[in-house]
Amino acid sequence: MLPATFKLCAAISYRHLRNMTGLRRQAAVAISQELSKLACRGTGPSTWINQVRRRSSLLSSRLEEKPFSEMEMSYIKQGEEALQKSLSILGDQDGWKTETVVDNGDKVQSKVLPDVGRVFRLEVVVDQPLDTVYSELVDNMEQMGDWNPNVREVKILQKIGKDTVITHEKAAATPGNIVGPRDFVSVRCSKRRGSTCVLAGMSTKYGAMPEQEGFVRAENGPTCMILRPLPGSPSQTKLIWLLSIDLKGWLPKTIINQVLSQTQVDFANHLRERLAR
């Protein structure tokens, strides 16, 4: 539930662009220009975000693997944009307000952004190594409905290259049906660089998955999860989850804030139970 700047511009060298033709070349140039704009808007990122940016060059290699259609390129670009915007939000440490602090150290904070609305940030430590957590959240994402009662189903609709997928997620109604069933169609991209993993996404349009009867089509993004080994303890993983959702419908903001912060706390607990098994 599952998306500052990767310096992809430098990775897309003149040699690569010269070898691309037509749509692939135009798309690469467009992405390069967009990331350059985002780079100018970045605000004081921490060291680990800079490391992820510096080492990200998968986009150019993806472009060389096989030609993509215009629609596929638009999804790749959306995933990259969700990732860049998410990292920019997390890189700005100012203005966060504490929503929830649990006895085990789990913490949820929030802030309001002019162009996004209220976003939530979960920080937890999971007593499992990064590879185990990554595998559960990325490789086994379609099994999330088996262990997270807040999720009915996650289905991969399309895979694009190595890092981008289109998914359909069905969220369960909250207790008492305060918030009824929602569903989301999202583009997601995953980046793994050394000891840091970034899983980002945002809502998108997908013609083969129109609005479903019995569900309100909500929107998310930019959203992302950051996974890193806990410093000094490689058998534990630090997880940061940026959550941004528009649930749609007529819901008081106080209820929305309570539901979303609790959803993040519940997710951490369910994930720990899943990994412990």
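What counts and how
Residues numbered from 1 in each chain as written. Predicted model: local features only at pLDDT ≥ 70, side-chain atom pairs only at ≥ 80, totals over all residues. Heavy atoms only, no water. Helix = DSSP H or I, 4+ residues; strand = E, 2+ residues; numbered from the N terminus. Phe/Tyr/Trp six-rings, centres within 6.5 Å; stacked < 30°, edge-to-face > 60°. Buried < 20%, exposed > 50% of the residue type's maximum accessible area, 1.4 Å probe, protein only. Core = buried A, V, L, I, M, F, W, Y, C linked by side-chain atoms within 4.5 Å. Contact = heavy atoms within 4.5 Å. Axes fitted to C-alpha atoms, helices over the stretch in contact; angles between N-to-C directions. Parallel < 35°, antiparallel > 145°, perpendicular 65-115°, else oblique. Nonpolar A, V, L, I, M, F, W, Y, C, P; charged D, E, K, R; others polar. Pairing = 2+ DSSP bridges. pLDDT = per-residue confidence, 0-100. Polar contact = N/O pair within 3.5 Å; in protein donor to acceptor, adjacent residues only side chain to side chain. Salt bridge = Lys/Arg side-chain N within 4 Å of Asp/Glu carboxyl O.

A. Geometry of unusual backbone geometry. Residue P222 is bonded to the preceding G221 through a cis peptide linkage, with omega at 0°. Relative to the helices and strands, P222 is located in the loop between β9 (219-220) and β10 (223-230).

B. Local environment of the packing of aromatic side chains. A complete count under the given rule lists 3 aromatic pairs for this structure. Where Y75 meets Y206, the ring centres are 6.2 Å apart and the plane angle is 40°; that geometry is what we call tilted. Pair noted here: Y75 is in helix α6 (residues 70-91) and Y206 is in the loop between β7 (196-203) and β8 (216-217), with a separation of 131 residues, a long-range link. Both residues of the pair, Y75 and Y206, count as buried.

C. The arrangement of the nonpolar core in detail. With 38 residues, the main nonpolar core has L122, V133, L137, L227, L239, F267 and L271 as its most contacted residues. Considering every element that reaches this core, the biggest residue donor is helix α9 (residues 253-276), with 8 residues. In this structure, L227 is in contact with L130, V133, Y134, L137, S195, T196, C197, L199, T237, K238 and L239, ignoring residues within four places of it in sequence.

D. Representation of the packing of helix α7 (residues 130-139) against α9. Contact geometry of α7 with α9 gives a least axis separation of 11 Å together with a crossing angle of 110°. With respect to α9, the axis of α7 lies roughly perpendicular. Of the residues in α9, those touching α7 at T132, V133, E136 and L137 are F267, L271, R274 and L275. Considering only residue class, the contact of α7 with α9 consists of 5 nonpolar, 1 polar and 2 charged.

E. Broad picture of the environment of V138. Residue position: V138 is located in helix α7. Setting aside anything within four residues of it in sequence, one finds V138 in contact with S190 and L199.

F. Focus on the pairing of strand β11 (residues 233-243). Taken across its 11 residues, β11 has 8 buried, putting it largely inside the fold. Pairing analysis gives 7 bridges linking strand β3 (residues 117-126) to β11, with the strands arranged antiparallel. Bridging across to β11, V125 finds its partner in K238. Bridge count between β10 and β11: 7 bridges; the pairing is antiparallel. Across the sheet, the residue bridging to P229 is T237, located in β11. With antiparallel pairing between neighbouring strands as the criterion, β10 and β11 make up a hairpin whose turn holds 2 residues, including G232 at a positive phi of roughly 80°.

G. Structural view of the confidence of the model for the protein. With 76% of its residues at a pLDDT of 70 or more, the protein has an overall mean of 82. Per-element confidence in the protein ranges from a low mean pLDDT of 38 for helix α1 (residues 8-11) to a high of 97 for strand β5 (residues 164-171). Contacts of residues 1-21 to residues separated by more than four positions or lying in other chains number 68 contacts, the stretch itself having pLDDT below 50. Here residues 38-45 is modelled with pLDDT under 50, and outside its nearest four sequence neighbours on either side it reaches 12 contacts, counting other chains as well.

H. Geometry of the side chain of S186. Along the polypeptide, S186 turns up in strand β6 (residues 182-193). Apart from residues no more than four positions distant in its own chain, S186 is found in contact with V165, I166, T167, E169, M202, S203, T204 and N220.

I. Seen up close, the environment of Q84. Structurally, Q84 is set in helix α6. Take Q84: its relative accessible area is 0%, and that puts it in the buried class. Linking Q84 and A200, residues 116 residues apart in sequence, is a C-alpha distance of 8.8 Å.

J. View of the side chain of T223. Relative to the elements of secondary structure, T223 occurs in strand β10. At 2.4 Å, the side chain of T223 forms a polar contact with the backbone oxygen of L242.

K. The arrangement of the pattern of salt bridges in detail. Enumeration over the complete set of coordinates arrives at 14 salt bridges. Between R272 and D106 there is a salt bridge, and its shortest N-O distance comes to 2.7 Å. You can see R272 sitting in helix α9 and its partner D106 sitting in the loop between β1 (97-101) and β2 (107-113), a full 166 residues away along the chain. Of the charged contacts, one joins D183 and R217 as a salt bridge, the two residues approaching to 2.9 Å between their closest N and O atoms. Of the two residues, D183 sits in strand β6 while R217 sits in strand β8, which places them 34 residues apart along the sequence. With respect to burial, D183 and R217 carry one shared label: buried.

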